[in-house]
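Below, each chain spelled out in residue letters.
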Amino acid sequence: MGTATVVMSFALDQEIFNSKEAHELYQSLPNVCFEGSSKHQTISDCGEKGDKLITATSDDGSHVVIHLYHFAYLTMDITFVVDNVDQLKPLSEPFSFEYISALEQKAANHLEKLVKVSNSLKCPIRRGPSVLWAYGHTGDERLFEADYEDIVFETDSKWQNIKIAKSREFGNVLLLDDDIMLGDSDLVYTETLLGLERNAFKDKTILILGGGDGGILHELLKMSPAYVLMAEIDEEVIKACSKHMKKVCGDTLQKWEGANYKIKICDCVLELKEALASGTKYDYVINDLTELSVDKDKYGFEYQFETSYTILEFSMKILRTGGKYLARGNSLSATDYRAQFEEDVKTLGYDFTRTDVHVPSFLETYCLYEVVKQEAMDAKTEMKE
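Residues numbered from 1 in each chain as written. Predicted model: local features only at pLDDT ≥ 70, side-chain atom pairs only at ≥ 80, totals over all residues. Heavy atoms only, no water.

(A) Region of the structure containing the overall build of the chain. When helices and strands are counted, the chain shows eleven helices and 21 strands. Taking 2.2 N^0.38 as the reference for a compact globule, 385 residues should give roughly 21 Å; the C-alpha atoms of the chain span a radius of gyration of 27 Å, well beyond that estimate. Considered along the principal axes of its C-alpha atoms, the chain spans approximately 80 × 40 × 35 Å. Considering only contacts within the chain whose residues lie at least 6 apart along the sequence, 61% involve residues at least 24 apart. If you average the places of the 41 positive and of the 65 negative side-chain charges in the chain, the two averages end up 4 Å apart. (Helix = DSSP H or I, 4+ residues; strand = E, 2+ residues; numbered from the N terminus. Rg over C-alpha atoms; globule rule 2.2 N^0.38 Å. Contact = heavy atoms within 4.5 Å. Lys, Arg positive; Asp, Glu negative; His and termini not counted. Charge placed at Lys NZ, Arg CZ, Asp CG, Glu CD.)

Given below as structure tokens:
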């Protein structure tokens, strides 16, 4: 079982929306939703400005909530109880584009001359114990619905919830705490982050921060680097991706150490500090960390700009002169994150190159950064230390 919620709104005529005739139409509106079978209707005052709340139910438990606002605006949320969950799949009847459009028109016709503008979501909000939750949000917090058909893997590690969803369009998609990390479709993300058209990795030493899906390591090993160290805090991500994300990582994650690479389970900040203390230098540091901290019990769901600054600062210090810091940014729409990162780079005295690329499974354009450690800047940094 599950529910399908249809969301509508109506801008009303300010001059007549509060008339007796108008209120009679509002009160009979539930019958339009349930074809004359609405029951147990309630009408309540809502707030101190004259708003009204109308609720009604039908025999099967479906219900409608109508909110009439004092500024001549009406919202209507109709929640249908559905026995057959197959009816909640996209493109399934009865809750189709045509059905919702017709229902909106019936409601508008019922309200007659009161309506100036009507709108509705032409697809229902689908919920239920057997209904796959496919909703997410963009960097600027707009809602989207992904096309996930199934969850092929899920576990809670010490650090985070790990899911791998099956998408009709994008293949398997890795989500950490419901944030999209990478899909089978997203080689363009890895290739753009690495800057393959301008960067050479043959015989280079490379530190990957994060990267538990194995995509970056897998592509780098094709280019004969001298040595790659991948510092990933959550081994459960590696284990899940090694089995369910083979289009991304191949068999690279089957062995955690090879002739020219090693996967180390550790806090990447501690690894950076260790490299700094030991004098270890790299040609590339690649930041493939999530934008949000894995330690959400401590930090919650907020950007940790201080930690991001520390990672940037330490990474630049352990780069050889001429070395590069390659970083996952955030979506183009996440202007606060992007602005802060770019300000941090400039505060440390560096310039950056940003490449914006649409990543298929993200459903967004993403910002990927390259920061070069110039010789002159290297000297300035040494003088400050």
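Moving on from the coordinates now.
(B) Region of the structure containing the environment of Leu132. Its place among the elements puts Leu132 in the loop between strand S7 (125-127) and strand S8 (135-137). When the C-alpha atoms of Leu132 and Thr42 are compared, they prove to be 32 Å apart, with 90 residues separating the residues in sequence. Ignoring anything within four residues of it in the chain, the contact list for Leu132 reads Tyr148, Glu149, Asp150 and Ile151.

(C) Highlighting the nonpolar core. Among the nonpolar cores identified, the biggest contains 44 residues, and Tyr148, Leu174, Tyr189, Ile206, Ile208, Leu220 and Ile286 are the most heavily contacted of them. What Leu220 contacts, discounting residues up to four positions off in sequence, is Leu194, Phe201, Ile206, Ile208, Pro225, Val228 and Ile286. Ranked by size, the runner-up nonpolar core spans 33 residues in total, among them Phe17, Ile66, Met76 and Leu103. (Core = buried A, V, L, I, M, F, W, Y, C linked by side-chain atoms within 4.5 Å. Buried < 20%, exposed > 50% of the residue type's maximum accessible area, 1.4 Å probe, protein only.)

(D) Examining the sheet that holds strand S13 (residues 179-183) more closely. With antiparallel pairing, the four strands of this open sheet are ordered in space as S10-S11-S12-S13. Of all the strands in the sheet, just strand S10 (148-156) and S13 have a single pairing partner and so form its edges. For this sheet, the mean angle separating the axes of adjacent strands, direction not counted, is 25 degrees. Where strand S11 (residues 161-167) lies against strand S12 (residues 171-176), six bridges are found, and the strand directions are antiparallel. Counted as the bridge partner of Ile162 is Leu176 from S12. Across the face of the sheet, helix H5 (residues 235-244) comes into contact with S10, S11 and S12 while running at roughly 20 degrees to S11. (Pairing = 2+ DSSP bridges. Axes fitted to C-alpha atoms, helices over the stretch in contact; angles between N-to-C directions.)

(E) Representation of the pairing of S13 within the structure. Summarising burial for S13: four of the five residues are buried, a large majority. Taken together, the four bridges between S12 and S13 define a ladder with antiparallel strand orientation. Paired with Val173 across the strands is Gly183, a residue of S13. Counted between consecutive antiparallel strands, the loop separating S12 from S13 contains two residues, among which Asp177 sits at a positive phi close to 50 degrees.

(F) How the structure looks around unusual backbone geometry. Following Glu93, the chain continues into Pro94 via a peptide bond in cis, with omega recorded as 10 degrees. Considering the arrangement of structural elements, one finds Pro94 in the loop between strand S5 (73-82) and helix H2 (97-111). Of note in this structure, His40 is not a glycine but carries a positive phi near 50 degrees. Within the secondary structure layout, His40 lies in strand S2 (residues 39-46).

(G) Seen up close, helix H1 (residues 20-33). For H1, the principal kink sits at Gln27 and spans about 35 degrees; a proline, Pro30, occurs within the next four residues. Of the positions making up H1, those classed as buried are Ala22, His23, Leu25, Tyr26, Leu29, Pro30, Val32 and Cys33. Residues of H1 that are buried make contact with strand S1 (2-12), S2, strand S3 (51-57), strand S4 (63-69), S5 and H2. At the C-terminal side of H1, Glu35 shows a positive phi close to 50 degrees. (Bend = angle between axes of the 7 residues up to and from the residue.)

(H) Fine view of the pattern of salt bridges. Enumeration according to the criterion identifies 21 salt bridges in this entry. Lys264 is paired through a salt bridge with Glu271; the nearest N and O atoms lie 2.7 Å apart. Notably, a salt bridge pairs Glu370 with Lys324, separated by 3.1 Å at the nearest N-O pair. Of this pair, Glu370 sits in strand S21 (residues 364-372) while Lys324 sits in strand S19 (residues 319-331), placing them 46 residues apart in sequence. (Salt bridge = Lys/Arg side-chain N within 4 Å of Asp/Glu carboxyl O.)

(I) Quick look at the sheet that holds S19. The strand order S16-S17-S15-S14-S18-S19-S21-S20 describes an open sheet built from eight strands, whose pairing is mixed. Strand pairing shows two members of the sheet lacking a second neighbour, strand S16 (257-258) and strand S20 (352-359), which therefore form its edges. As paired elements, S19 and S21 share six bridges and run antiparallel to each other. Note that in S21 the partner of Lys324 across the bridge is Val372.

Shape descriptors only; they carry no functional weight alone.
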